[in-house]
Amino acid sequence: MDEIEVSLTGSGRGPRSEVLAVGGGNSCETVRSLLPRGLLNSCPAGVASCPASSCPFRSPRWPRLTLQESVLLLGPRPTPSAMEFSELIRTGRAQAKLLRGPEVPPLHGTLCVTGHHLLLLPGPQATSDLWLLLLRSVDSIEKRVSGDSGTITLRCKDLRVLQLDIEGVEATRDIARSIEALSSLESVITSFPFFYRPKGLRLGDAWHFHPPERYYKRVARETNAWRLSEVNEDFSLCPSYPRAVIVPRAVDDDALARCARFRQGGRFPVLSYHHAPSGTVLLRSSQPLTGPQKRHCAEDEELLWAVLAGARPGARGFILDTRSAQAAKQARVTGGGTEARAAYPGWKRLHRPLERGRPLQESFVRLVEACGYLEQSTDCWRSRLEACHWLGHVKEALSTACLAAQAMEREGACVLVHGAEGTDSTLLVTSLAQLILDPSSRTVAGFQELVEREWIQAGHPFQLRCAHSAFSHARPKHEAPTFLLFLDCVWQLGRQFPLSLEFGEGLLLALFEHAYASPFGTFLCSSEKERCLCEVRTRTHSLWSGLNQPKEQRKLRNPLYVPSPLAIWPSVEPQSLRLWQGLFLRWTRPNLQR
Amino acid sequence: MEFAELIKTPRVDNVVLHRPFYPAVEGTLCLTGHHLILSSRQDNTEELWLLHSNIDAIDKRFVGPLGTIIIKCKDFRIIQLDIPGMEECLNIASSIEALSTLDSITLMYPFFYRPMFEVVEDGWHSFLPEQEFELYSSATSEWRLSYVNKEFAVCPSYPPIVIVPKPIDDEALRKVATFRHGGRFPVLSYYHKKNGMVIMRSGQPLTGTNGRRCKEDEKLINATLRAGKRGYIIDTRSLNVAQQARAKGGGFEQEAHYPQWRRLHKSIERYPILQESLIKLVEACNDQTHNMDRWLGRLEASNWLTHIKEILTTACLAAQCIDREGASILIHGTEGTDSTLQVTSLAQIILEPRSRTIRGFEALIEREWLQAGHPFQQRCAQSAYCNSKQKWESPVFLLFLDCVWQILRQFPCSFEFNENFLIMLFEHAYASQFGTFLGNNESERCKLKLQQKTMSLWSWVNRPSELSKFTNPLFEANNLVIWPSVAPQSLQLWEGIFLRWNRSSKYLDEAYEEMVNIIEYNKELQAKVNVLRRQLAELETEDGMQESP
């Protein structure tokens, strides 16, 4: 008899956890009967039935929701009589055979769809355990029916392809429809992390491991030129920044407010990394809103001047724009632009175009497509690999990060990185530069802190970027594998410096999977503001507490790790970069022993 | 001829050496009959000790009185020497050119090399055909040793002793030899003990345009089949190429005359194409343009990995016929000295666990490459930097090593040797102080009296101090057939060979060391655990004995 833990929330508060026995006769019904019902009744913004104490939308501290935000949080149809999961589940169970690839024996059993999972309960004679798939991880679904049975092919966001052979045409159709509907639910607060209550973990743990305050303590030990500002306490200045940010001590909060108005999305320049050995800093922001009239902002100029003044004496600065000079110029038409040279003495602008948005997503899609064709000639594979340009993007990202790191360590210069919004390629560059320079970010804890600080807190819109992976047929809107590109670059670093990273490929693979679909709340939402609104920190478990359990740690660590205080300069020659087989060929080539 | 005649300037001071991964160093350059030596003057230590025979091509450049010689080695390394004085530079360059292209084999370094180590086991006698045959004869009596080629008269590229079907006498073998290209009549290459199936190899049959037959050939090939069994003839040429070969007197086995055999055609490129592929690949690897598309494009255009795939696919097919279909096979292309040997030797790596051990792999090289008459002297005379359009050069052996590396990469625990072992073999095939890879076949090696006059590579490699460098710490004997994946995604460029001089392997080497340490430590702990367990068991039995009375 197997045990799985199914957790449920009563009415959106006070989660309780139950252990459910599976494996007996009518366990399917048992699972279904435990489905959360009426969850949404608790809280669409300001509805009277909402218990004030737990509703995030009542508190006067919270700003009003924009339409986009409410769609994001509650799904496209936030009606008071919100639908229940059970409405989406048409067939509770069916007999099915699951094929998981060429090397794994098929599983037979009873298939059931629950609110968040696809379950396969093996028959009484079977020895294998219950098989479970998070519906959120389904990227695309394809069904075929022939005779009195059907086949459903599920392509998952972690690039796995599963095939289900199901008895009964009607059952196949119903299950396919249910999976389709449930896997594409957009509402955050009905997603599985809000129901997941694993044994051995306590809610609220690990969420406070890596806030900006913690990083500031380290910076404050090294230099006196920076302060922690809570100017964004209520997220009104910059909705995509966390509450606290690190800024030059010489600049007060009023000046920051004015800077924020001069930068797209309010993302004024903040500290990303302080490089103590050279006394220089890495900053990030979004593009300045110079517009066609070439607007200036005295506070913004003063802020960057204060950065140089606070750094080692005589430090120069580089503004690293992740767009081409051409693209940056064109951005003026739509109100954006770049820093005028005359207005920022001591700063020099460099342009290093990095691919973003849709072209990056298309590159990812084409690469995954190429990896799927096993029966092809070598020529064909090489030309597909070349045509998708993925490795080119890896190379560009690493080169740009090297440039930023070099400017700091070798030239003793301060570096400000931004592109347009400052939430994608900007973060790619700042986080990679830290891995190159900062030995502590190459430890397991340090890398988790880096991901938390430079991606999650820094406002990389995970909810939008990772809504779909490479198999989705839908036209990409906001999807882009920027975070995956980051992980790939880290993998390349690990391959070139096998002793220098405390974590192994396992951690990178885990982060990839969890960024796209996860039982944990860490990668939910697109900004701290949204996470606060959804009470992610109090109502879901943190991935970090999940990963930092001793039994998980073993899988994630690099046994060869030897701490080294030096910078690691990767080779970015095309010959030195490799396809990340462990990720892209993970499911097609399981027999790679190492 | 005296070497001294070729060395006009034996010594130049103030030469600056640039080479991969080391800072430039200034020193004195000396030329000897076989070596180019650079020693820095400060502490009189050698910075460079390079065999002339390792030099593939040289370029020279002048800027004012300063001359520069760029030396491109057969192991793909590129070294630069800055030599003050135009005359010295010209002299050195012409000496290197002459000394690196000596015509006479007997002037090569192996004939002059005297080992500094004690020879424990003479490698020339490590792998005798009789011993190899004993491994089979315990399992089968269907085969015999034949001395028909004792004088190398029947087949000049075969060794004096070959293994043939027992019912076929030497007279018949002589007749078959006249019907096969280069006299290479079908001989046993591998006996699969599990089911008694065999791999044979030969040259193409000389059917010609009028479809000549040879009764003895048909009888020989059929004699290898057990009653009611079928066999496969794997031709390493496409059907089209095989048909065209008839015009030049060659051809293939007609199915009508070999009714129990099915012919399969698999196209593996012939050696001149492979040489071009190598040249393109090495050019691409040295490309400094830092452009990802260009690199991938050039890598693809070299077709190197396509050749790897073709060879591995054919080897897998051969192994499949033996292990899965339970059928014997005969493999040949045209001469039977290149692609044929690639396929027979790789099929053995797949099928035979012994050939994945160090000793077994050496025996395989000895049997399937050296004794089998792969023309090393011709194929490895020049490497990827050679400008002159030579006719016979081809990286056939390197491709084989690359294929082994691909399998090793996919099955990292199944091989007793590591990547360094393969790299070492590559280096010695092209330039060596040992006599093993000299000559094109056994007949030539006999005439050169290599056994008496030179040292065998195996005498050096098989000493414990050397072996430790080549042993794979992950090795766990695996008695199964190992099936490599030949999907293009699974095949990778062999960085250890092709990017060896472009990118430092310092960190990878450190990681390797660390891995070895961890494995050693693990073994120690295991040993401790075993001792403690034994002690516990002893204490328990003692307890038991004390309690029981």
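Residues numbered from 1 in each chain as written. Chains lettered and ligands numbered in written order. Predicted model: local features only at pLDDT ≥ 70, side-chain atom pairs only at ≥ 80, totals over all residues. Heavy atoms only, no water.

- An unreviewed UniProt entry lists chain B under the name Myotubularin-related protein 9, with Ursus maritimus given as the organism.
- Quoted verbatim from the Sequence similarities (unreviewed entry) field of UniProt, the annotation for chain B is "Belongs to the protein-tyrosine phosphatase family. Non-receptor class myotubularin subfamily." (UniProt positions renumbered as here; feature names shortened; annotations may be inferred.)

- An unreviewed UniProt entry lists chain A under the name Myotubularin phosphatase domain-containing protein, with Ursus americanus as the source organism.
- Its UniProt record gives chain A a comment under Sequence similarities (unreviewed entry), which states: "Belongs to the protein-tyrosine phosphatase family. Non-receptor class myotubularin subfamily."

Things to note about the sheet that holds strand 14 (residues 328–332) of chain B
Strand pairing within a sheet occurs via backbone hydrogen bonds; the two strands may be parallel or antiparallel.
Residues and elements named next belong to chain B.
And then number 1: The sheet built from five strands is open, its strands ordered 10-11-14-12-13 with mixed pairing. In this open sheet, the two edge strands, each paired with only one partner strand, are strand 10 (187–192) and strand 13 (261–265). Recorded for the sheet is a direction-independent mean angle of 20 degrees between the axes of neighbouring strands.
And then number 2: In terms of strand pairing, strand 12 (residues 231–235) meets strand 14 through five bridges, oriented parallel. Within the sheet, the bridge partner assigned to glycine 231 lies in strand 14 and is serine 328. (Pairing = 2+ DSSP bridges. Helix = DSSP H or I, 4+ residues; strand = E, 2+ residues; numbered from the N terminus. Axes fitted to C-alpha atoms, helices over the stretch in contact; angles between N-to-C directions.)

Here's the deal with a nonpolar patch on the surface
All names here are of chain B.
And then number 1: There is a patch of nonpolar side chains on the surface, built from Phe62, Met86 and Leu90 and spanning about 240 Å² of accessible area.
And then number 2: Here phenylalanine 62 shows up in strand 5 (residues 55–63).
And then number 3: We classify phenylalanine 62 as partly exposed; its relative accessible area is 32%. (Patch = residues over 30% accessible without salt bridge, like charges linked within 9 Å, V, L, I, M, F, W, Y side chains within 5 Å. Areas by Shrake-Rupley, 256 points an atom, 1.4 Å probe, with all protein chains shown as cover. Salt bridge = Lys/Arg side-chain N within 4 Å of Asp/Glu carboxyl O. Buried < 20%, exposed > 50% of the residue type's maximum accessible area, 1.4 Å probe, protein only.)

Section: unusual backbone geometry
And then number 1: The phi torsion at His389(A) lies on the positive side, around 65 degrees, for a residue other than glycine.
And then number 2: The residue His389(A) is located in the loop between helix 10 (378–388) and helix 11 (390–409) in this model.
And then number 3: With a relative accessible area of 33%, His389(A) lands in the partly exposed category.
And then number 4: The backbone of Phe21(B) sits at a positive phi, close to 70 degrees, despite the residue not being glycine.

Let's talk about the domain arrangement of chain B
Residue and element names in this part refer to chain B.
And then number 1: You can read the domains of chain B as domain 1 (1–101) and domain 2 (127–501).
And then number 2: Domain 1 and domain 2 are separated by 37 Å when their C-alpha centres are compared.
And then number 3: Contact with domain 1, which involves 14 residues of that partner, is made by 21 residues of domain 2.
And then number 4: Between domain 1 and domain 2, roughly 1400 Å² of surface is buried when both sides are summed, and carbon and sulfur atoms account for 64% of that area. (Domains from an automatic or database assignment. Contact = heavy atoms within 4.5 Å. Buried area = accessible area lost by both parts, 1.4 Å probe.)

Some words on the sheet that holds strand 16 (residues 414–418) of chain A
Residue and element names in this part refer to chain A.
And then number 1: On the basis of which strands lie adjacent, the open sheet formed by five strands has the order 12-13-16-14-15 and mixed pairing. Taken across any chain shown, the strands that pair with only one partner, and hence form the sheet edges, are strand 12 (270–275) and strand 15 (347–351). Taking each pair of neighbouring strands and ignoring which way they run, the sheet shows an average axis angle of 20 degrees.
And then number 2: In this sheet, strand 16 lies alongside strand 13 (residues 280–284) in parallel orientation, the contact comprising three bridges. Looking across to strand 16, one finds that arginine 284 is bridged to valine 417.
And then number 3: Relative to strand 13, helix 12 (residues 425–437) is tilted by about 155 degrees, and along the sheet it contacts strand 12, strand 13, strand 14 (317–321) and strand 16.

Brief notes about the packing of helix 10 of chain A against helix 8 (residues 292–302) of chain B
Each packed pair of helices is defined by two parameters, the angle between the axes and the distance between the axes.
And then number 1: Where helix 10 of chain A contacts helix 8 of chain B, the two axes come as close as 9 Å, and the packing angle between them is 175 degrees. Taken together, the axes of helix 10 of chain A and helix 8 of chain B are roughly antiparallel relative to one another. Residue-level inspection shows Asp379(A), Arg382(A), Ser383(A), Leu385(A) and Glu386(A) of helix 10 of chain A in contact with helix 8 of chain B, the latter providing Asp293(B), Leu296(B), Gly297(B), Leu299(B) and Glu300(B).
And then number 2: Looking at the contact of helix 10 of chain A with helix 8 of chain B residue by residue, the class counts come to three nonpolar, two polar and five charged. (Parallel < 35°, antiparallel > 145°, perpendicular 65-115°, else oblique. Nonpolar A, V, L, I, M, F, W, Y, C, P; charged D, E, K, R; others polar.)

Considerations on helix 10 of chain A
And then number 1: Three or more residues of helix 10 of chain A are buried, namely Thr378(A), Trp381(A), Arg382(A), Leu385(A) and Cys388(A). Down the axis of helix 10 of chain A, the buried set is contained in an arc of 135 degrees. They therefore lie on one face.
And then number 2: Where the residues of helix 10 of chain A are buried, they touch helix 9 (357–372) and helix 11 of chain A together with helix 8 and helix 9 (304–323) of chain B.
And then number 3: Of the residues flanking the end of helix 10 of chain A, it is His389(A), one or two places downstream, whose phi is positive at about 65 degrees. (Arc of directions from axis to C-beta.)

Brief notes about the UniProt feature "coiled-coil region" (unreviewed entry) in chain B
And then number 1: The positions that UniProt labels "coiled-coil region" (unreviewed entry) are, in the present scheme, residues 508–542 of chain B.
And then number 2: As a span, residues 508–542 of chain B carries 100% helix and 0% strand, and end to end its C-alpha atoms are 51 Å apart.

Things to note about the pattern of salt bridges
And then number 1: Scanning the model with the defined rule gives 53 salt bridges over all chains in all.
And then number 2: A salt bridge links Arg557(A) to Glu502(A); its shortest N-O distance comes to 2.6 Å. Of this pair, Arg557(A) sits in the loop between helix 20 (550–556) and helix 21 (581–584) while Glu502(A) sits in the loop between helix 15 (482–496) and helix 16 (505–516), placing them 55 residues apart in sequence.
And then number 3: Residue classification places Arg557(A) among the partly exposed residues on the basis of a relative accessible area of 37%.
And then number 4: Using a relative accessible area of 17% as the deciding quantity, one classes Glu502(A) as buried.
And then number 5: As a salt-bridge pair, Arg174(B) and Glu171(B) come within 3.2 Å of each other at their nearest N and O atoms. With Arg174(B) and Glu171(B) both in helix 4 (residues 170–179), this residue pair falls three residues apart, about one helical turn.
And then number 6: For Arg174(B), a relative accessible area of 37% corresponds to the partly exposed category.
And then number 7: According to the relative accessible area criterion, Glu171(B) is partly exposed, its value standing at 44%.
And then number 8: One continuous salt-bridge network, built from bridges that share partners, spans Arg284(A), Glu449(A), Arg453(A) and Glu454(A).

A few points about the packing of aromatic side chains
And then number 1: Applying the stated criterion across every chain yields a total of 41 aromatic pairs over all chains.
And then number 2: Ring geometry for Phe462(A) versus Phe483(A): centroids 5.0 Å apart, planes at 80 degrees, classification edge-to-face. One end of the pair, Phe462(A), is in helix 14 (residues 462–465); the other, Phe483(A), is in helix 15, with 21 residues separating them in the sequence. As far as the burial class goes, Phe462(A) and Phe483(A) line up, both buried.
And then number 3: With a centroid separation of 5.4 Å and 75 degrees between ring planes, the pair formed by Trp304(B) and Phe498(B) is classed as edge-to-face. Here Trp304(B) is found in helix 9, whereas its partner Phe498(B) is found in helix 19 (residues 495–498), with 194 residues between them in sequence. The burial state of Trp304(B) is the same as that of Phe498(B); both residues are buried. (Phe/Tyr/Trp six-rings, centres within 6.5 Å; stacked < 30°, edge-to-face > 60°.)

Some words on the interface of chain B and chain A
And then number 1: Contact residues are listed per partner, giving 41 residues for chain B and 41 residues for chain A.
And then number 2: Carbon and sulfur atoms supply 55% of the area buried between chain B and chain A, which totals about 3600 Å² over both sides.
And then number 3: Contact with chain A buries surface across chain B, with Met292(B), Glu300(B) and Gln489(B) losing the most and accounting together for 20% of the total.
And then number 4: One can count two salt bridges joining chain B with chain A.

Concerning the nonpolar core
Within soluble globular proteins, side chains that are nonpolar generally end up buried alongside one another.
And then number 1: Ranked by size, the top nonpolar core spans 253 residues in total, and within it Phe486(A), Phe584(A), Phe361(B) and Phe498(B) carry the most contacts.
And then number 2: Sorting elements by how many residues they give to this core places helix 9 of chain B first, with twelve residues.
And then number 3: When neighbours within four sequence positions are excluded, Phe584(A) is seen to be in contact with Leu159(A), Phe364(A), Leu367(A), Val368(A), Cys371(A), Trp390(A), Leu484(A), Asp488(A) and Leu579(A). (Core = buried A, V, L, I, M, F, W, Y, C linked by side-chain atoms within 4.5 Å.)

Things to note about the pairing of strand 8 (residues 149–156) of chain A
All names here are of chain A.
And then number 1: Buried residues dominate strand 8, accounting for six of its eight residues.
And then number 2: Across eight bridges, the pairing between strand 7 (residues 138–146) and strand 8 is antiparallel. Among the inter-strand pairings, glutamate 142 is bridged to a residue of strand 8, identified as threonine 153.
And then number 3: Counted between consecutive antiparallel strands, the loop separating strand 7 from strand 8 contains two residues, among which glycine 147 sits at a positive phi close to 60 degrees.
And then number 4: With seven bridges connecting them, strand 8 and strand 9 (residues 161–167) associate as antiparallel partners.

Re the state of the cysteines
Residue and element names in this part refer to chain A.
And then number 1: A full pass over the atoms with the stated rule returns zero disulfides over all chains.
And then number 2: Considering cysteine sulfurs only, cysteine 259 is the nearest to cysteine 297, which forms no disulfide, with 5.0 Å between them.
And then number 3: A relative accessible area of 7% places cysteine 297 in the buried class.
And then number 4: The closest cysteine sulfur to the non-disulfide-bonded cysteine 466 is located on cysteine 525, 13 Å from its own sulfur.
And then number 5: Cysteine 466 sits in the buried class, given a relative accessible area of 3%. (Disulfide = S-S within 2.5 Å.)

What to know about the confidence of the model for chain B
And then number 1: Looking at chain B, pLDDT values average 90 and 98% of them are 70 or higher.
And then number 2: Taken over the whole predicted complex, pTM reads 0.85, whereas the ipTM for its chain interfaces reads 0.83. (pLDDT = per-residue confidence, 0-100.)

Points about a negative patch on the surface
And then number 1: Judged by side-chain charge, Glu538(B), Glu540(B), Glu542(B) and Asp543(B) come together as a negatively charged surface patch.
And then number 2: When you line up the elements, Glu540(B) lands in helix 20 (residues 506–547). (Lys, Arg positive; Asp, Glu negative; His and termini not counted. Charge placed at Lys NZ, Arg CZ, Asp CG, Glu CD.)

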